[in-house]
Amino acid sequence: MASSSFSGDDAGWLDETWLQWLEDPASVDPAWRALFDGLPPEPVNGTRPGELPRFAPRPLFDPQRGRTGVDEASARRAARVVMLTNAWRVRGHGWADIDPLGQRERANFPELDPSWHGLTDADLDAEVPTAPLFGLPAVATVRAVADHLRKVYGGHTGAEFMNILDLSERRWVQEWFETSASRDPLPPAAARRWLRKLSDAENFERLIHNRFPGTKRFSLEGGESVIPFLDRVVGLLAAAGAHTAVLGLAHRGRLNTLVSLMGKPVRAIIDEFQDAAGGTQGSGDVKYHLGYAADVALPGDLTLHLSLTPNPSHLEAVDPVVEGRVRARQDRHGDHDRRAVVPILIHGDAAMAGQGLVMETLNLSELDGYATGGTIHVVINNQIGFTTPPQDSRSTMYCTDIARMLAVPIVHVHGEDPVALADAAAFAVAWRQRFGRDVVIDVVCYRKHGHNEGDEPSFTQPLMYEQIRQRPTPRQESARRITSRVPEAEADAIHRDSQAALVAAADGPRPDPAVLGPMGLASVWAPWRGDADVVPDTGLAADAMRALLDRVNTLPSDFAPHDKIKRLTEQRREVIREGVALDWALGEIGAFASLLSEGHPVRLSGQDSGRGTFSHRHAVVTDVRTGREYRPLSSVGGADLHVVDSSLSEAAVMGFEFGYALDRPEALVIWEAQFGDFVNGAQVILDQFLAASEQKWGRTCGLVLMLPHGYEGQGPEHSSGRLERFLDMAAEGNWTVANLTTPAQLFHALRRQVKRSVRKPLILMTPKSGLRHPRMASPLSDFALEGLRAVLTDPQVPSGARRVVLCSGKVAIDLFDARAKRSDANDVAIVRVEVLAPFPAAEVDAALAAHPGAEVVWCQEEPKNMGAWPSFAARWFDGDLPGGRRPRYVGRPAAAAPATGSHKRHVDEQAQLLGEALSPSTDRP
């Protein structure tokens, strides 16, 4: 039955064709030109202001104008063929034969049948113009057009692209697929390499299975075609001018990728199965989480550096890390067009649909601060997740539907058709290098075993696995499909050679450990493999500090800032000239400016990071007349500066910055939370990457986290950066945790982060109300001191105190203010523990030694089960402090939520804990 109306997708195509006709009537099909020629030049009556014009078509025969030159039957036939073409472009992927198991129910889209559009058998041999279809002569029969569309869009490739908004991009994709018959993506030499890589993949899995039966390896069996596909991708990238690809891949197929694609010695994998490495630095990780890097030799005497990012079992968590690593390398190499360093993310089907980090990472792809020039996404589509079938694991037609948000091509490919896969590889590389946007290739295959080799998959999918057990291997199926390129005898010989070489390598000598470096960054990281105990001098002379701050607070003469910003910069310059104590913002800006002037890049990102959540920073200012942005720190020069207001994401953005810091150790890299409370939105990045990457994978990084923290009565979600969690995970020197109280301390901490000879993450609890507090200010002379001080003693009570109140962060400022209002607390020393981890035991002991016999109190504003107390109590009660003194806790009682939602209750609680800390009585309330 013929349809008399357009679908939404048809309407989009019609708009496009109409606009093309307006520009050049001769460029559109004659039938559509005749139709558009008949449209009235003015809107019809009844169009309301603000509406798009509604046109009423005229008859093809107008007595006043004569015939258009095209008979009505031909015009209608041609129009129906155009609608058929559009239907296949929009819906053809649903009919495509992409499932090797044949389980996928092909979508019943009636508009793919010519009869739906009113084309009858009598029309099939009639000739019609083929435009806008590519790949056929200008005129062909309706039958030829229908056959062509079925072959292009209904074969072993299903392409989704009609939601691409850019007309030139969409036409490029159309031309690529509709002219596929005119090119051979897998000539004989490439076909032989394809079969060799496929044989390598199959033989590797069999070797490991035979030698270590039942041992977890997360086999790639059923999806081995991904290996030659990736090999083809990296070869084409090298030919297109790329020199590096950074890969992200979960555990499924990881070992195979390491050996068959990247060339990691198979003997090294055997040793890892036997746990024969003889120990490792740190705690190490399981073999299918480890990273690796290698320069891979490719056809045409080309080489591409491949770097596989280490990752945890948390699926898709590595995605933003890869993007950050790529952006760091692009920035370091000056790869401004982002074509030389390429990210490749390899997903599982269930994880692609199920993990929210996929969407968060996709959303970063075209943001200026995070763009990497397009990611090649490859899905190993096993058609199952653990034991869950697709219909129970997603609400969408495809596992890749989340990527439709980007309006980029998504190509579904039969996992046992080498020609279709090779063409998809060529398409992905060509698209990415041409348009600099993401592309998704969904390789539809299957999983031979259960989730791991110890599972029995037929418990839950008996029919599917009965079919799998009876199938030839993907290598056998692939070889059968390309016998015209590689005869059967030659294909068998390739397989035997692969098997022999693999066995010989597995039984050969152990490889030199030097070739097994985790990431291939030895030369880049050489300056930062030093001694963590060596303390650098981070001081800056007062004159140098004054000059830098004056420069970055002087706006260009042709720039019109907001009146309040103008006043602020003038006030800052006055403070600098007069040598008055500097506030937190000036201390921070001074650190940034000094590092830039010394040639160290600075990158700061987070929500509201340009202005600062609390309007204190103004590292990005805006011209009120033009909207032009200006970054005052850029006036320093010396190195590149990135101040980025991020998307509303914690996990993806922190993961990105972690990756950036991994591959750019010379830079100061900072992720800032809007409020510290929101850091737990990135908990997987904290737990699996930042806290343990050095111990698990031998990878250190200098990422700084700035977490606004402090109790001011703003409620349970705007008070706590969850200090206790960072202290709980602090061990083996993995990171530094600090809660600083002066801008000079911040200045030294940030400069120390870059100038020391090692890289460790720095977790900073940063102030909110304290940003402008007069007690949180530092004289210029403090910035010239040698470095960060882990403990700040009390200048008012340097010795002989009745009580020593140990504390950290904002509560120390509250204690100073409260003591100033009392007459009975002048013998209470307030000692600030600025660095909380690694615990500064010697400095704390020295501070207490100045007050022999004094009572020791630990005071905090966090509940007793939060903040620093749980960690410190365990440490202190393991062994007495000097003089046999054990600290007494003063603070809020244990609580489930970090803070009260009542401002009045907060004030009462705060007054009580301050009073108890300073009161002459030692009795507990």
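Throughout what follows, the structure given in this document is the object of discussion. Only a predicted model underlies this, so the values are computations on that prediction, with no experimental measurement involved.

## Notes on the packing of aromatic side chains
At step 1: Tallying each qualifying case throughout the model produces 21 aromatic pairs.
At step 2: Chaining the aromatic ring pairs together yields one cluster made of W172, W176, F177, F427, W431 and F435.
At step 3: Lying over the aromatic face of W95, R106 brings its terminal NZ or CZ to 4.3 Å of the ring centre.
At step 4: For the cation-ring pair, K287 lies above F273, with the distance from its terminal atom to the ring centre recorded as 4.4 Å.

## Some remarks on helix α22 (residues 651–663)
At step 1: Between its first and last C-alpha atoms α22 spans 19 Å; for 13 residues at 1.5 Å apiece the expected length is 18 Å, and the two agree.
At step 2: Burial analysis of α22 places 13 of its 13 residues in the buried class, which makes it a mostly covered element.

## Some words on the sheet that holds strand β18 (residues 704–708)
At step 1: A sheet is described by the order of its strands in space; here seven strands give the open sequence β16-β13-β17-β18-β20-β19-β24, paired in mixed fashion. Looking along the sheet, the strands with just one partner apiece sit at the ends: β16 (641–645) and β24 (835–837). In this sheet, adjacent strand axes meet at a mean angle of 20 degrees when their direction is disregarded.
At step 2: Here strand β19 (residues 736–739) pairs with strand β20 (residues 762–766) via four bridges, running parallel. Bridging from a neighbouring strand, N739 pairs with M765 of β20.
At step 3: Packing of helix α21 (residues 584–597) onto the sheet brings it into contact with β13 (602–606), β16, β17 (668–672), β18 and β20, and relative to β13 it is tilted by some 135 degrees.

## Things to note about the nonpolar core
At step 1: The biggest cluster of nonpolar side chains holds 96 residues, and the ones touching the most others in it are F177, F229, L306, I344, I376, F427 and I441.
At step 2: At eleven residues, helix α14 (residues 418–435) tops the list of elements feeding residues into this core.
At step 3: The contact partners of I376, leaving out residues within four places of it in the chain, are V233, L237, V342, P343, I344, L345, A428, V429, R432 and V439.
At step 4: Core analysis: the second largest hydrophobic core is formed by 72 residues, V318, A328, V679 and A682 among them.

## Observations concerning a nonpolar patch on the surface
At step 1: On the surface, M359, I402 and M405 cluster together into a nonpolar patch covering about 230 Å² of accessible area.
At step 2: When you line up the elements, M405 lands in the loop between α13 (390–393) and β11 (410–414).

## Notes on empty space enclosed by the protein
At step 1: Considering all chains together, one arrives at eight cavities of 30 Å³ or more under this definition.
At step 2: When its volume is computed, the largest cavity comes out at roughly 110 Å³.
At step 3: Around the largest cavity sit 14 residues that line it, and V552, N553, R572, H618 and P632 are the ones nearest its centre.
At step 4: The biggest single contributor to the lining of the largest cavity is helix α20 (residues 563–578), with four residues.

## As for the environment of E588
At step 1: Checked against the element boundaries, E588 lands in helix α21.
At step 2: Judged by its relative accessible area of 2%, E588 is buried.
At step 3: Sequence spacing of E588 and Q745 is 157 residues, and the spatial spacing of their C-alpha atoms is 9.7 Å.
At step 4: Setting aside anything within four residues of it in sequence, one finds E588 in contact with H616, R617, M706, L746 and L750.

## With respect to the pattern of salt bridges
At step 1: Taken as a whole, this structure holds 58 salt bridges when the rule is applied.
At step 2: A salt bridge links E416 to R471; the nearest nitrogen and oxygen atoms lie 2.5 Å apart. Of this pair, E416 sits in the loop between β11 and α14 while R471 sits in the loop between α15 (462–469) and α16 (474–481), and the two are 55 residues apart along the sequence.
At step 3: On the accessibility criterion, E416 (1% relative accessible area) is buried.
At step 4: Salt bridges linked by common partners bring E205, R217, E221 and K448 together as one network.

## A few points about the sheet that holds strand β5 (residues 157–160)
At step 1: Strand order in this open sheet of eight strands is β5-β11-β12-β10-β9-β6-β8-β7, and the pairing throughout is mixed. In this open sheet, the two strands that pair with only one neighbour each are β5 and β7 (292–298). Each neighbouring strand pair of the sheet contributes to a mean axis angle of 20 degrees, computed without reference to strand direction.
At step 2: Note: strand β6 (residues 244–249) against strand β9 (residues 341–348), six bridges, orientation parallel. Looking at β9, one finds that L247 is bridged to I344.

## Quick notes on the environment of S594
At step 1: With respect to the secondary-structure elements, S594 resides in helix α21.
At step 2: In this structure the C-alpha to C-alpha distance between S594 and M545, which are 49 residues apart in sequence, comes to 7.6 Å.
At step 3: There is a polar contact of 2.9 Å between the side chain of S594 and the backbone oxygen of A591.
At step 4: Among the polar contacts listed, one links the side chain of S594 to the side chain of R751, at a separation of 2.8 Å.

## Quick look at the packing of helix α6 (residues 188–211) against helix α7 (residues 226–239)
At step 1: At their nearest, the axes of α6 and α7 sit 8 Å apart, and the two run at 135 degrees to each other. By the angle between their axes, α6 is oblique relative to α7. Note that α6 runs across α7; the crossing there is right-handed. Judged by residue contacts, A190, R193, W194, K197, L198 and A201 of α6 engage I227, P228, F229, D231 and R232 from α7.
At step 2: For the contact of α6 with α7, a count of residues per class yields seven nonpolar, no polar and four charged.

## Examining the packing of α21 against helix α26 (residues 743–755)
Two quantities define a packed helix pair, namely the angle between the axes and the distance from one axis to the other.
At step 1: One can describe the packing of α21 onto α26 by two numbers: an axis separation of 8 Å at closest approach and a directional angle of 25 degrees. Of the possible angle classes, the one that applies to α21 and α26 is roughly parallel. The element α21 and its partner α26 pack so that their crossing is right-handed. Mapping the contact onto sequence places W584, G587, E588, G590, A591, F592, S594 and L595 in α21 and P743, L746, F747, L750, R751 and V754 in α26.
At step 2: Its residues placed into classes, the contact of α21 with α26 shows nine nonpolar, three polar and two charged.

## Topic: the side chain of S808
At step 1: Along the chain, S808 falls in the loop between β22 (803–807) and α28 (810–820).
At step 2: Since its relative accessible area comes to 9%, S808 is described here as buried.
At step 3: One polar contact links the side chain of S808 to the main-chain carbonyl oxygen of V833, over a distance of 2.7 Å.
At step 4: When sequence neighbours within four positions are dropped, the list of residues in contact with S808 reads N739, V833, L836 and W858.

## A few points about the state of the cysteines
At step 1: In total, this model carries zero disulfides according to the counting rule given.
At step 2: With no disulfide of its own, C445 lies 10 Å from the sulfur of C399, the closest cysteine sulfur.
At step 3: We classify C445 as buried; its relative accessible area is 2%.

Quick notes on the rules
- Residues numbered from 1 in each chain as written.
- Predicted model: local features only at pLDDT ≥ 70, side-chain atom pairs only at ≥ 80, totals over all residues.
- Heavy atoms only, no water.
- Phe/Tyr/Trp six-rings, centres within 6.5 Å; stacked < 30°, edge-to-face > 60°.
- Lys NZ or Arg CZ within 6 Å of the ring centre and 35° of its normal.
- Helix = DSSP H or I, 4+ residues; strand = E, 2+ residues; numbered from the N terminus.
- Expected span 1.5 Å × (residues − 1).
- Buried < 20%, exposed > 50% of the residue type's maximum accessible area, 1.4 Å probe, protein only.
- Pairing = 2+ DSSP bridges.
- Axes fitted to C-alpha atoms, helices over the stretch in contact; angles between N-to-C directions.
- Contact = heavy atoms within 4.5 Å.
- Core = buried A, V, L, I, M, F, W, Y, C linked by side-chain atoms within 4.5 Å.
- Patch = residues over 30% accessible without salt bridge, like charges linked within 9 Å, V, L, I, M, F, W, Y side chains within 5 Å.
- Areas by Shrake-Rupley, 256 points an atom, 1.4 Å probe, with all protein chains shown as cover.
- Salt bridge = Lys/Arg side-chain N within 4 Å of Asp/Glu carboxyl O.
- 1 Å grid on protein atoms, 1.4 Å probe; cavity = no way out; pocket = protein on both sides within 12 Å on 5 of 7 lines; lining within 4 Å.
- Points joined across faces, edges and corners; volume = space filled by probe spheres on them.
- Polar contact = N/O pair within 3.5 Å; in protein donor to acceptor, adjacent residues only side chain to side chain.
- Parallel < 35°, antiparallel > 145°, perpendicular 65-115°, else oblique.
- Left-handed = near helix turned anticlockwise from the far one by under 90°.
- Nonpolar A, V, L, I, M, F, W, Y, C, P; charged D, E, K, R; others polar.
- Disulfide = S-S within 2.5 Å.

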